[in-house]
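Chain by chain, the residues run as shown.
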Amino acid sequence: MTELNQRSEQNANAVPIQCPNCGTQYSVPVRTMIDVSAEPRLRQQFLSNQINVAVCPNCQTGGLLEVPLVYHDAGAEFFAVYFPQQLNISEVEKQKMIGDLTQSIMRQLPPDQRKGYFLAPRQFVNRQNLMDAVLGTMGFTQEELDRQRKKARMVEQFMVMADDPKGLQMMLKGNDAQIDAEFFGILANMLQQAEATGDEKTAERLTLLREGLMPITTFGKRLQKQRAAVEGLRDLKDPDEFLARVIAADEDEVAAMTFAARPLMDYTFFQKLSERVDASKGAEKTRLTQLRDHLLEITQQLDQATRET
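Residues numbered from 1 in each chain as written. Predicted model: local features only at pLDDT ≥ 70, side-chain atom pairs only at ≥ 80, totals over all residues. Heavy atoms only, no water.

S.K.: I would appreciate a short explanation of the state of the cysteines in the present structure.
M.R.: Two cysteines, two sulfur atoms, one covalent bond between them: this is a disulfide. Per the counting criterion, the structure on display carries zero disulfides. Among the cysteines around C22, which has no disulfide bond, C56 carries the closest sulfur, lying 3.6 Å off. By relative accessible area, C22 is classed as partly exposed at 33%. (Disulfide = S-S within 2.5 Å. Buried < 20%, exposed > 50% of the residue type's maximum accessible area, 1.4 Å probe, protein only.)

S.K.: Sorry if this is basic, but what is going on with the packing of aromatic side chains here?
M.R.: Scanning all chains against the criterion turns up nine aromatic pairs. Aromatic side chains F242 and F269 sit 5.5 Å apart centroid to centroid with 45° between the ring planes, which places their arrangement in the tilted category. Within this pair, whereas F242 is found in helix α10 (residues 239–248), its partner F269 is found in helix α12 (residues 267–279), the two being separated by 27 residues in sequence. Looking at F242, the relative accessible area reads 2%, which means it is buried. Its relative accessible area of 5% is what places F269 among the buried residues. One aromatic cluster is present, formed by F158, F183, F184 and F219 through successive ring pairs. (Phe/Tyr/Trp six-rings, centres within 6.5 Å; stacked < 30°, edge-to-face > 60°. Helix = DSSP H or I, 4+ residues; strand = E, 2+ residues; numbered from the N terminus.)

S.K.: Looking at this model, I keep getting lost on the packing of helix α5 (residues 142–159) against helix α8 (residues 200–213). Mind explaining?
M.R.: Between two packed helices, both the angle of their axes relative to each other and the distance between the axes serve to describe the pair. Two elements in contact, α5 and α8, have axes whose closest approach is 10 Å; the angle formed by their N-to-C orientations is 95°. Viewed along their axes, α5 and α8 adopt a mutual orientation that is roughly perpendicular. Here V155, F158 and M159 of α5 lie close against α8, whose contacting residues are T202, R205, L206, L209 and L213. Partitioning the contact of α5 with α8 into residue classes produces six nonpolar, one polar and one charged. (Axes fitted to C-alpha atoms, helices over the stretch in contact; angles between N-to-C directions. Parallel < 35°, antiparallel > 145°, perpendicular 65-115°, else oblique. Contact = heavy atoms within 4.5 Å. Nonpolar A, V, L, I, M, F, W, Y, C, P; charged D, E, K, R; others polar.)

Written as structure tokens, this is what we have:
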């Protein structure tokens, strides 16, 4: 077992839970420490509310478990302690627990990594405030966070009309420009959170909302087109047909197909595309040259992202 896996297991302990709805007893992994310097994947899991979640295996009732938590990011020199406000303990007990959590994570680090910022951990009693601070370490401004919250509220408002196409159309008036990539991304994150916490009702309505907005919004129609382009790849006969489809696709379809079929865009693919460029003239030659450059840029970005994960 690697040191990373050992540390991960130490920071996630099985805790017995009794479902408040049906009484079923089960256990869930609970973390008291998140060190994204050692395990970068934990950052997104925390931000999408996938850490410290209990979902009853019998009735699917569940939600977030509010427990004390340490969050550490050495790259940003960010060290925080989350202590849920609803935990009813004295200030003396609270400070002792914060001290114990701080010492626990410091003991896991080499002496040269125990820097001054550990001596004054930022304290949070509200999970959202801690999330905002974490997003701040990632470069998000308060203006961006406020905009995302506004769109999250829009998702919640639209969700009320998820099963009412006419009502959805009425709410959409004047808001089409707001239903953009960021809106659908926030919707997707909320859906992921609902599924992770076992909230089937919310997950169902968010799915219904997403499918309802697809055919009636400008950006949704683009997503539908991208989805169709990706689904069309299932019946490909050979690499030459893939090349032909990429050449015939528009910008949105090209991006979707590149993400879905990166392995098909190999050396042979680009060699054949270059042959098409060399054999063409005028405006078509310019278009194919730009397409090739665009594809090279996208594939390089994808490859870099893969190496970094």
